[in-house]
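# Chain and residue survey
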Amino acid sequence: MEKTLAYKPQSAWETYADAKQRKSMEALAARYIDFLTRCKTERETVDYVRERLSQAGYSEDFSKERVLRPLRGKALFAARRGSEPLEEGLALIAAHADTPRLDFKQRPLIEQPGVAQAKTHYYGGIRKYQWLARPLALHGVVIRENGESLAVSIGEKPGEPVFCIADLLPHLAQKQSSQTISEAFEAEKLNIILAHSPKAVKKGKDKDAPKEPVKEQLLEILHKKYGINEEDLITAELQAVPAGPARFVGFDKALVGGYGQDDRICVFTALEALLSAESGTRNMAVIFWDKEEIGSDGATGAASRFFQYCVEDLARAWAPGTPASHVLLHSRALSADVQAALDPDFQEVHEKQNAAQLGYGPCFSKFTGSRGKYGASEADAEFFGELRGLYNAKGIPWQTAELGKVDLGGGGTVALFLAAYGMRVIDLGPAVLSMHSPFELASCADLHATLEAYRAFLEA
């Protein structure tokens, strides 16, 4: 049949229609749900990745064929040697392991009528009202004065308590209902309830009663159960995240629902692609960064020199005499980040012809940025054309997308930090519905297609 001249995206569900492929898709989605449930912070994500890579023979010794390097438990680089000279560059997939959340403030504990609470500072782009009146879990690390580290995960196991932020009842919310969202939901009122019972005082000893009895009782519980005091919280990294597991969504179980799919769906599929890719000519690599949701600054973000240092050490070990600049300049990269799916109930904020759809494979975003492409990284047509030909030849579904209408949407990724080295880079990742919410949605078909796309890129 002669190929039509018109372009129409191919449904991933039609591409993976046979029973064997559907079974593979379901198995992958089940593993992904386990990953999402286990990994709710950047530290937990990097620990998971490091464990999987170590089991596959990756070593921190850069003289080996398979290498990895973590940075402060929040970022990780891994590479796998191919047969071609390193000066030809890397086939690189870059994603980020951080997600929007609520961080404890440095001095978090307060007591207000009837409860002890934790003050928070939100991280990344959230809609504040979505975090009210829902179960929250606490994850992170507490560093004691002697340097001892205590990993924290409370609110995930059956029988463990959860935490929450109370919402205003509708009977008293008439004024709030007429306000703008930014006025109605103040960041300083995102206070998490931690405790309610006051410290007991013996009869006749009222003068000895603490001024903040609920907070005092809470501190006693924390010291008795975890061996920490209030000063330990100052140097801690504690995050409030949605409690509970990721789940299949819908009668057909065709969607995965869970927290942190932006961008852990790309971390998961990139890792699976690296581990399952066939050995060949290409030198393959992945890097998972922190801090993307707040601009990629900091030692573990894409704006740092961590990636550059890793490539310099790789060049010294694998190709002595080859400048790292040659490796960087000749590398090809996928900025693995999600795209906003066409929202069925808010289609008016999208330009439909250039919007991503659930179930149509990973989305190419030729450029990022906003308001006339400011802050953008734009891929060259030649590189985009190569990838289009690769995926068409392998029958891997793909689509193109922009994040909302020109004057309404936009956003950034890590692509521009890779483009700064002169390498070819383009954004490619699955569409996500309810992005940045506590319960995001992704298609099982897109999950599978994204893995196939990343693996094909590494092997090409």
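Now for a description of the structure that goes with this document. Everything numeric in this text was worked out from a predicted model, so none of it was measured. (Residues numbered from 1 in each chain as written. Predicted model: local features only at pLDDT ≥ 70, side-chain atom pairs only at ≥ 80, totals over all residues. Heavy atoms only, no water.)

### Thoughts on the pairing of strand β7 (residues 149-154)
Put simply, the test is: A pair of strands is labelled paired if DSSP reports no fewer than 2 bridges between them. To qualify as a helix, a DSSP run of H or I must reach at least 4 residues; to qualify as a strand, a run of E must reach at least 2; elements of each kind are numbered from the N terminus.
By the bridge criterion, six bridges tie strand β6 (residues 136-143) to β7 in an arrangement that is antiparallel. Directly across from V142, in β7, lies its bridge partner L150.

### Here we look at helix α6 (residues 213-226)
This is how it is decided: A helix is expected to span 1.5 Å multiplied by its residue count minus one. Each residue gets one of three labels from its accessible area relative to the maximum for its type: buried under 20%, exposed over 50%, partly exposed in between, using a 1.4 Å probe on protein chains only. Relevant arc is that of directions from the helix axis to the C-beta atoms, nothing else. Contacts between residues were defined by any pair of non-hydrogen atoms, one from each residue, lying within 4.5 Å.
With 14 residues, α6 ought to run about 20 Å at 1.5 Å a step, and its terminal C-alpha atoms sit 20 Å apart, in line with that. Residues of α6 that are buried: V214, K215, L218, L219 and L222. All buried residues of α6 lie within an arc of 140° about the axis, which places them on one face of the element. Exposed positions of α6 whose direction lies more than 90 degrees from the buried face are H223 and K224. Elements in contact with the buried residues of α6: β4 (101-112), β5 (115-123), β8 (192-195) and α7 (230-234). Phi for G227, located one or two positions after α6, is positive at around 70°.

### A look at the layout of surface pockets
Put simply, the test is: Cavities and pockets are defined on a 1 Å grid built over the protein atoms alone: a cavity is a set of grid points where a 1.4 Å probe fits but cannot escape, while a pocket is an open set with protein on both sides within 12 Å along at least five of seven lines, and lining residues are those with an atom within 4 Å of any such point. Grid points are joined across faces, edges and corners, and a volume is the space filled by probe spheres set on the points. The residue classification treats Ala, Val, Leu, Ile, Met, Phe, Trp, Tyr, Cys and Pro as nonpolar and Asp, Glu, Lys and Arg as charged. All others, Gly included, are polar.
Quantified by volume, the largest pocket comes out at close to 1,200 Å³. Along the walls of the largest pocket sit 45 residues, with A340, L403, G404, G410 and M435 positioned nearest its centre. Elements that contribute at least two residues to the lining of the largest pocket include exactly β14 (339-340), β15 (363-365), β17 (424-429) and β18 (431-433). Considered class by class, the residues forming the lining of the largest pocket number 15 nonpolar, 19 polar and 11 charged.

### A word on unusual backbone geometry
Following D262, the chain continues to D263 via a peptide bond in cis, the omega torsion being 20°. Within the secondary structure layout, D263 lies in helix α8 (residues 261-276). At K253, a residue that is not glycine, the phi angle is positive and equals roughly 55°. Here K253 is to be found in the loop between β10 (247-249) and β11 (255-258). Owing to a relative accessible area of 52%, K253 belongs among the exposed residues under this scheme.

### Notes on the sheet that holds strand β9 (residues 237-242)
Here is the rule we go by: In this analysis, axes come from line fits to C-alpha atoms, helices being fitted only over the stretch in contact, and the angle between any two N-to-C directions falls in the range 0 to 180 degrees.
One open sheet holds the six strands; their spatial order is β7-β6-β9-β4-β5-β8, and the pairing between them is antiparallel. Unpaired on one side and paired on the other, β7 and β8 mark the two borders of the sheet. With direction set aside, neighbouring strand axes in the sheet form an average angle of 30°. Sheet topology note: the β5/β8 ladder contains three bridges and is antiparallel. Within β8, the position partnered with A118 by the bridge is I192. Contacts between α6 and the sheet are confined to β4, β5, β7 and β8, with β4 contributing the most and set at about 125° to the helix.

### Topic: a nonpolar patch on the surface
What counts is decided by this rule: Residues enter patches when they are more than 30% accessible in relative terms and free of salt bridges; like-charged ones are connected within 9 Å and nonpolar ones (Val, Leu, Ile, Met, Phe, Trp, Tyr) within 5 Å. Note on areas: Shrake-Rupley with a 1.4 Å probe; residue coverage comes only from the protein chains shown. Should a side-chain nitrogen of Lys or Arg be within 4 Å of a carboxyl oxygen of Asp or Glu, the pair is scored as a salt bridge.
Residues L168, L169 and L172 make up a contiguous nonpolar surface patch of about 270 Å² in total accessible area. Judged by relative accessible area, which is 38%, L169 ranks as partly exposed.

### What about the nonpolar core?
For clarity, the threshold we go by: Put simply, buried Ala, Val, Leu, Ile, Met, Phe, Trp, Tyr and Cys residues joined by side-chain atoms within 4.5 Å make one nonpolar core.
With 61 residues, the main nonpolar core has L53, Y391, Y454 and F457 as its most contacted residues. At 10 residues, helix α13 (residues 444-459) tops the list of elements feeding residues into this core. If we skip the residues at most four places from it in the chain, Y454 touches I93, C266, T269, A270, A273, L334, A336, D337, Y391, L428, G429 and P430.

### Points about the environment of T322
Inspection of the secondary structure assignment puts T322 in the loop between α9 (306-318) and α10 (324-329). Given the relative accessible area of 17%, T322 is considered buried. For the pair T322 and A431, spaced 109 residues apart in the sequence, the C-alpha separation amounts to 39 Å. Beyond its immediate stretch of four places on either side in the chain, T322 contacts E87, A315 and V327.

### Side note on the side chain of D337
Just so we agree on the cut-off: Counted as positive: Lys and Arg. Counted as negative: Asp and Glu, with His and the chain ends omitted from the count.
By the element assignment, D337 lies in the loop between β13 (332-335) and β14. Buried within the structure, D337 lacks any salt-bridge partner; R264 is the closest side chain of opposite charge, at an N-O distance of 11 Å. Leave out the neighbours within four places in its chain, and D337 touches H96, D262, D263, C266, E292, T413, D427, L428, G429, P430 and Y454.

### A look at α13
Heads up, the condition is: Here a polar contact is taken to be a pair of N or O atoms separated by no more than 3.5 Å, where protein atoms must pair a possible hydrogen donor with a possible acceptor and residues adjacent in sequence count only if both atoms sit in side chains.
A rise of 1.5 Å per residue sets the reference length of α13, with its 16 residues, at 22 Å; its end C-alpha atoms lie 23 Å apart and thus fit the reference within 8%. By the N-cap criterion, in which a side-chain oxygen at the helix start approaches the backbone nitrogen of a residue two or three places on, α13 is capped by S443, the distance to A445 being 3.1 Å.

### A look at the sheet that holds strand β3 (residues 90-96)
Strand order in this open sheet of eight strands is β1-β2-β12-β3-β13-β17-β15-β16, and the pairing throughout is mixed. In this open sheet, the two edge strands, each paired with only one partner strand, are β1 (66-71) and β16 (399-400). Bridge count between β15 and β17: three bridges; the pairing is antiparallel. Residue S365 lies in a different strand from β17, and its bridge partner there is D427. Against the sheet, α8 touches β2 (75-80), β3, β12 (283-289) and β17, its axis set at about 150° to β3. Here α9 sits on the sheet and contacts β1, β2, β3 and β12; the angle it forms with β2, its principal contact strand, is near 30°.

### A few points about the packing of helix α2 (residues 19-38) against α8
Our working definition: In what follows, roughly perpendicular refers to angles from 65 to 115 degrees, roughly parallel to angles under 35, roughly antiparallel to angles over 145, and oblique to any angle outside these ranges. Left-handed describes a crossing in which the near helix is turned anticlockwise from the far one by less than a right angle; the clockwise case is right-handed.
It is the contact of α2 with α8, at a shortest axis distance of 11 Å, that shows an interaxial angle of 125°. Relative to α8, α2 is oriented oblique. The two elements α2 and α8 meet at a crossing, and its hand is right-handed. Only Q261, R264, I265, V267, F268 and E272 of α8 make contact with α2, whose side of the interface consists of L28, R31, Y32, F35 and L36. When its residues are assigned to classes, the contact of α2 with α8 shows seven nonpolar, one polar and three charged.

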